[in-house]
Amino acid sequence: MLKIASFLVEGKTSGAVTDATRPHFSFYLTSDKEGSSLKSAKAIFDSGYELDLPDELGKDYDGPSLLPFKRYEVVLKVEDNLGESAEDTLVFETGRLGKPWLGKFITDGEYTFTEKKVSPKPMVFKKDLKIRKKVRSARIFATCFGIYELDLNGEKVGNRYFAPGFTSYANQLMYQVYDIGDKLKEDNEIVFHVGGGWAVGSFVFSRVNRHYADKQSLLCEIRIEYEDGTSEVIGSDESFLVSTKGPYSMEDIYDGEDFDASIEIKDIPFHNAVFAKNKLNPTLLADYGAPVVDHETLTPISKNVLEDGTIVYDFGQNFAGVVEAHILKAEKGRKISFRHAEVTKKDGSLNTDLLRTARAGVDYICKEGEQFYVPRMSYMGFRYIGVSGIKEEDIEIKARVRYSDMELTGGFECSDSRVNRLQQNIIWSSKSNFVEIPTDCPQRDERMGWTGDIALFANTACWNFDTQVFLRKWLKDLRSEQLRTGGVPNCIPIHGYGFPVTMPKMAIDFWGDASVLVPYALYNHYGDKKTLEVSYESMRKYTLAEKFWAGLIGLGKRRYIWQTPAIFHFGDWVAPDEPTMAGWQKRSKYTGTCSLSNMAGLVSFAADLLGKEEDKEKFAKIREKTNEAYRSVFFHDDMSMKEKPFQTAYVLPLRFGMFEEEEANKAAEKLAELVKSGDYCIGTGFPGTPNILFALADNGQRDTAYKMLLNDKCPSWLHEVKMGGTTIWERFDAIRDGGDSNTGADDGTGGMISFNHYASGAVGEFLYARVLGIEWTLPGYKKFKFAPLLGEGIDYAKGHTLTPYGQIKASWKKEGESVSYEIDVPVSCTCLVCIKGQEIALSSGHHQGRVD
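Residues numbered from 1 in each chain as written. Predicted model: local features only at pLDDT ≥ 70, side-chain atom pairs only at ≥ 80, totals over all residues. Heavy atoms only, no water.

Undergrad: Which residues make up the overall build of the protein chain, and what values do they have?
TA: Helices and strands together make up the secondary structure of the protein chain, namely 15 helices and 42 strands. Relative to its length of 852 residues, the protein chain is compact, with a C-alpha radius of gyration of 28 Å against a globular reference of 29 Å. Its C-alpha atoms give the protein chain principal-axis dimensions of about 80 × 70 × 55 Å. Within the protein chain, the fraction of its 852 residues that count as buried is 61%. Surface exposure of the protein chain reaches about 32,100 Å², of which carbon and sulfur atoms provide 47%. If you average the places of the 104 positive and of the 122 negative side-chain charges in the protein chain, the two averages end up 3 Å apart. (Helix = DSSP H or I, 4+ residues; strand = E, 2+ residues; numbered from the N terminus. Rg over C-alpha atoms; globule rule 2.2 N^0.38 Å. Buried < 20%, exposed > 50% of the residue type's maximum accessible area, 1.4 Å probe, protein only. Areas by Shrake-Rupley, 256 points an atom, 1.4 Å probe, with all protein chains shown as cover. Lys, Arg positive; Asp, Glu negative; His and termini not counted. Charge placed at Lys NZ, Arg CZ, Asp CG, Glu CD.)

Below, the structure is given as structure tokens:
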């Protein structure tokens with residue numbers, strides 16, 4: 001039977017409210033019959049308009065203009081080549097579509113925020129609402145400078161946290177829409193708690209505050225339609241009440257929150273709000289991101305009471321989230337403190353030294369009796385919680401995992417349990433760092449949108465999660481904040497931070513590469529040509545900026561060698577075979593030149609795809625000359641290096657196809673010798689780590705690649721697993737063999753160590769694409785191959801990933817000299833099985849076989 005498994009508008013199956021004038025519709029199908037392929041698809045709107053969809057990737061709406069504040073119902077009808085049909089219905093709403101707000105931004109005129117390196121006092125706004133007629137529908141539209149929590153009659157509205165979300169506030173600010181029609185009573189109390197968040201609060205480890213606004217301000221609008229046909233719009237104005245003496249006395253992204261449950265809304269000394277004078281005027285858009293919500297609930301695996309009475313709970317898993325406290329009994333005014341850490345010290349106490357200035361804690365003041373508490377205005381990265389101020393028998397502790405709402409769409413398993421744990425570590429680090437934006441870590445005073453991390457990890461992220469909504473939102477900010485000269489800030493949103501020492505117009509290799517690599521990840525995994533189109537000018541400008549800086553110093557071939565001073569680069573960041581930050585940065589002439597080649601090649605390909613012939617030739621020429629320069633400047637004819645060899649110098653050109661075939665074979669041999677001499681340990685930093693196994697395996701060094709993957713000596717991926725890691729570490733040697741910690745105190749970073757940093761988890765792409773063997777041959781997996789790289793040490797592998805056409809599910813198993821396999825090919829797709837030199841072409845459906 002043919003079924004519509006998913007019907008989406010703007011990447012969402014339900015709850016979509018959009019300000020897109022031409023929203024995108026897509027779908028995918030399932031069928032229990034082999035060979036099923038889409039024949040026709042039509043989306044029929046309740047307005048009568050019909051939109052023909054050419055394939056599952058879908059199409060933008062191209063009908064009559066959509067109206068603001070309107071609910072639309074769309075019926076999708078499909079038919080396949082086997083004569084079967086199916087239909088499904090989707091409902092979405094339009095937002096304001098640019099319609100002016102009746103409400104205005106309001107704030108607390110009696111509060112002045114001038115302190116440095118702290119966050120402002122949270123504000124609480126209140127509006128009483130009387131309903132005297134029967135309500136047909138009611139919506140609250142809301143946003144703020146800061147972050148807000150909305151309560152209606154004492155209950156949280158919606159499941160989203162950290163609204164309105166983290167964006168480039170100077171350019172765009174999201175607003176949310178809440179359906180409150182079935183929650184209204186005759187007399188209603190609407191309350192907003194507004195903290196400083198990212199816009200006003202202290203952020204980045206320099207603890208800069210008031211970066212986007214001097215203090216918090218709220219904008220909201222309550223739109224009610226009555227059953228008698230009348231309507232009412234109530235906008236935020238000076239009739240709203242406000243105070244800084246609410247139950248939240250402190251809220252901070254890094255420090256946590258302080259909450260007094262004994263303070264009731266009715267007892268707060270309110271006064272009238274005033275209109276805010278904000279320094280920014282961003283475009284207000286209906287929420288187009290993946291909202292942060294609570295997902296899993298974890299229970300402790302053990303607890304330990306220290307001599308000072310602190311109860312330390314171990315959840316057995318490092319993650320990002322908050323405590324869930326059930327206080328069985330307490331007197332009013334009792335203070336309970338919750339502190340968080342990734343690791344403990346030898347005496348069992350929390351090791352908070354690595355948090356730097358982040359308090360990562362909660363102070364809770366009790367009301368009388370039994371009570372429940374979950375923080376709403378912050379989050380922490382932790383495995384352990386220390387609780388003080390209450391007896392062990394008077395409290396029950398759980399934890400909620402909090403991250404952006406992305407569907408887990410992938411899975412990988414093999415015969416080596418250590419590799420399976422590595423896969424889980426990759427998943428957990430992804431969850432921990434996909435919080436509004438792709439961050440670097442969830443625990444210390446950072447949690448910033450470092451471009452380098454997601455540039456290298458985007459492909460792996462797409463294997464495991466549906467990242468489309470999340471990454472498109474972030475790319476919108478990247479394009480907004482890209483410099484006119486093409487350079488990309490190292491963190492997006494920028495928030496005023498610019499390490500390493502940079503000139504205002506400079507491009508930074510591999511970090512700025514996110515402007516190209518992230519759109520390409522969306523294109524390759526989801527067939528998302530639209531993001532490639534809207535990002536093309538950004539990609540082009542960045543690559544030209546790279547070429548400008550590469551050509552600034554040097555003559556002849558060296559005009560294509562990027563050799564600006566090392567302090568302007570990250571280079572081979574945190575490479576374990578080099579002990580200092582200065583040493584990592586000195587390798588930038590290698591990493592930068594390889595980046596230029598790769599970016600030029602990708603932009604040339606995009607130009608060809610988009611019909612930009614002149615750009616295609618221009619960037620292809622840049623790539624050709626860069627490749628030639630890299631080979632001749634850095635290597636002898638036998639592909640030995642002219643300077644001291646290191647892994648990344650070989651890995652990048654091999655992975656990016658910068659060598660000629662004979663050169664590549666020789667270079668791969670040299671790389672394999674380096675790896676073997678290093679006892680199969682990782683020597684690459686950020687740029688090389690996602691690519692090293694591919695560089696080996698795809699160039700005749702499969703056995704070396706597998707030995708490196710399965711090695712558990714320090715530094716290696718499986719060393720982290722051996723040492724009990726449950727997430728990916730910032731440094732492979734964060735805990736060395738023997739248990740000694742590497743705090744980074746002596747390498748120039750000033751003590752930089754995180755046990756939850758997803759970047760080197762980019763090895764996950766190799767697990768899917770080589771060990772399991774699934775890889776697209778047409779973007780979106782319309783055509784793909786199943787070609788497992790059979791290596792020593794792994795006897796079977798199985799996994800799945802969700803494509804725009806449906807789920808691919810595959811497995812293989814060694815059986816003596818034979819290999820058995822199973823694979824599910826989605827509707828409308830074809831697969832080429834390549835095992836042990838045999839090729840088998842498959843259409844959609846479930847298939848199994850055996851290759852001798």
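The rest of the description comes next.
Undergrad: A description of the environment of L284 should follow, citing residues and the corresponding values.
TA: On the secondary structure map, L284 appears in strand β23 (residues 283-286). Sequence separation between L284 and L97 is 187 residues; the distance between their C-alpha atoms is 9.6 Å.

Undergrad: Residue-level account of the side chain of T689, with values.
TA: Inspection of the secondary structure assignment puts T689 in the loop between α11 (661-677) and α12 (692-697). The buried category is assigned to T689, whose relative accessible area is 5%. Separated by 2.9 Å, the side chains of T689 and T684 make a polar contact. Among the polar contacts listed, one links the side chain of T689 to the backbone oxygen of G685, at a separation of 2.8 Å. (Polar contact = N/O pair within 3.5 Å; in protein donor to acceptor, adjacent residues only side chain to side chain.)

Undergrad: Account for unusual backbone geometry, naming residues and giving values.
TA: Here the residue pair A163 and P164 is connected by a cis peptide bond, since its omega of 10 degrees sits within 30 degrees of zero. The residue P164 is located in the loop between β13 (155-156) and β14 (172-179) in this model. Between C714 and P715 the backbone carries a cis peptide bond, its omega angle lying at 5 degrees. Looking at where P715 falls in the secondary structure, it is placed in the loop between α13 (702-710) and α14 (717-722). Backbone geometry places E10, a non-glycine residue, at a positive phi of 50 degrees. Here F510, not a glycine, exhibits a phi torsion of approximately 70 degrees, which is positive. Along the chain, F510 turns up in the loop between α4 (468-481) and α5 (514-526).

Undergrad: Tell me about the packing of helix α6 (residues 529-550) against helix α8 (residues 588-609), residues and numbers included.
TA: The N-to-C vectors of α6 and α8 enclose an angle of 145 degrees; their axes lie 9 Å apart at closest approach. The chirality of how α6 crosses α8 is left-handed. Contacts between α6 and α8 involve K529, L532, Y536, M539, R540, Y542, T543, E546, K547 and A550 from the former and S595, L596, M599, A600, V603, A606, A607 and L609 from the latter. Looking at the contact of α6 with α8, its residues break down into twelve nonpolar, two polar and four charged. (Axes fitted to C-alpha atoms, helices over the stretch in contact; angles between N-to-C directions. Left-handed = near helix turned anticlockwise from the far one by under 90°. Contact = heavy atoms within 4.5 Å. Nonpolar A, V, L, I, M, F, W, Y, C, P; charged D, E, K, R; others polar.)

Undergrad: Tell me about the nonpolar core, residues and numbers included.
TA: For soluble globular proteins, the rule of thumb is that nonpolar side chains tend to be buried together. Grouped together as the largest cluster of nonpolar side chains are 241 residues, with contacts concentrated most on F192, F338, I395 and I774. The residues contacting I395, other than those within four sequence positions of it, are I311, Y313, A325, H326, I327, L328, F338, V387 and I390. Counting 24 residues, the second-largest nonpolar core is a separate cluster that includes I4, A43, L66 and L90. (Core = buried A, V, L, I, M, F, W, Y, C linked by side-chain atoms within 4.5 Å.)

Undergrad: Explain helix α15 (residues 764-772) to me, and be specific about the residues and the numbers.
TA: Think of an α-helix as 3.6 residues a turn; residues three or four steps apart then line up on the same face. Across the nine residues of α15, nine count as buried, placing the element largely inside the fold. If you check which residues of α15 are buried, you get G764, E765, F766, L767, Y768, A769, R770, V771 and L772.

Undergrad: Let's hear about empty space enclosed by the protein: which residues, and what values?
TA: It is a probe the size of a water molecule, rolled over the atoms, that shows where empty space is left. Under the definition given, this model contains two cavities of 30 Å³ or more. In this structure, the largest cavity occupies an estimated 40 Å³ of space. What lines the largest cavity is simply Y148, E149, L150, K156, V157, R160, A163 and Y178. Tallying contributions element by element places strand β12 (residues 147-152) first for the lining of the largest cavity, with three residues. Taken together, the residues of the lining of the largest cavity break down into five nonpolar, no polar and three charged. The calculated volume of the second largest cavity comes to roughly 30 Å³. (1 Å grid on protein atoms, 1.4 Å probe; cavity = no way out; pocket = protein on both sides within 12 Å on 5 of 7 lines; lining within 4 Å. Points joined across faces, edges and corners; volume = space filled by probe spheres on them.)

Undergrad: Tell me what's going on with the pattern of salt bridges, and back it up with residues and numbers.
TA: As enumerated under the stated definition, the model contains 65 salt bridges in all. One salt bridge in this structure joins D187 and R132, with 3.8 Å as the shortest N-O distance. One end of the pair, D187, is in strand β15 (residues 187-195); the other, R132, is in the loop between β10 (123-130) and β11 (135-145), with 55 residues separating them in the sequence. Here D187 falls in the partly exposed class, since its relative accessible area comes to 41%. Note that R376 is salt-bridged to D151, the shortest N-O span being 2.7 Å. Of the two residues, R376 is situated in the loop between β29 (371-373) and β30 (380-388) and D151 in strand β12; the sequence distance between them amounts to 225 residues. Across the pair, exposure class does not vary: R376 and D151 are buried alike. If you follow the salt bridges from partner to partner, you end up with D258, K335, R339, R359 and D363 in one network. (Salt bridge = Lys/Arg side-chain N within 4 Å of Asp/Glu carboxyl O.)

Undergrad: How would you summarise the sheet that holds strand β39 (residues 818-825) if you had to cite specific residues and measurements?
TA: Spatially, β32-β37-β38-β39-β42 is the arrangement adopted by the five strands of the open sheet, whose pairing is antiparallel. Two strands lie at the open edges of the sheet, namely β32 (411-414) and β42 (845-851), each paired on one side alone. In this sheet, neighbouring strand axes are inclined to one another by 10 degrees on average, regardless of whether the strands run parallel or antiparallel. Where strand β37 (residues 796-803) meets strand β38 (residues 806-815), eight bridges bridge the pair, whose relative direction is antiparallel. Across the sheet, T801 pairs through a bridge with I808, a residue of β38. (Pairing = 2+ DSSP bridges.)

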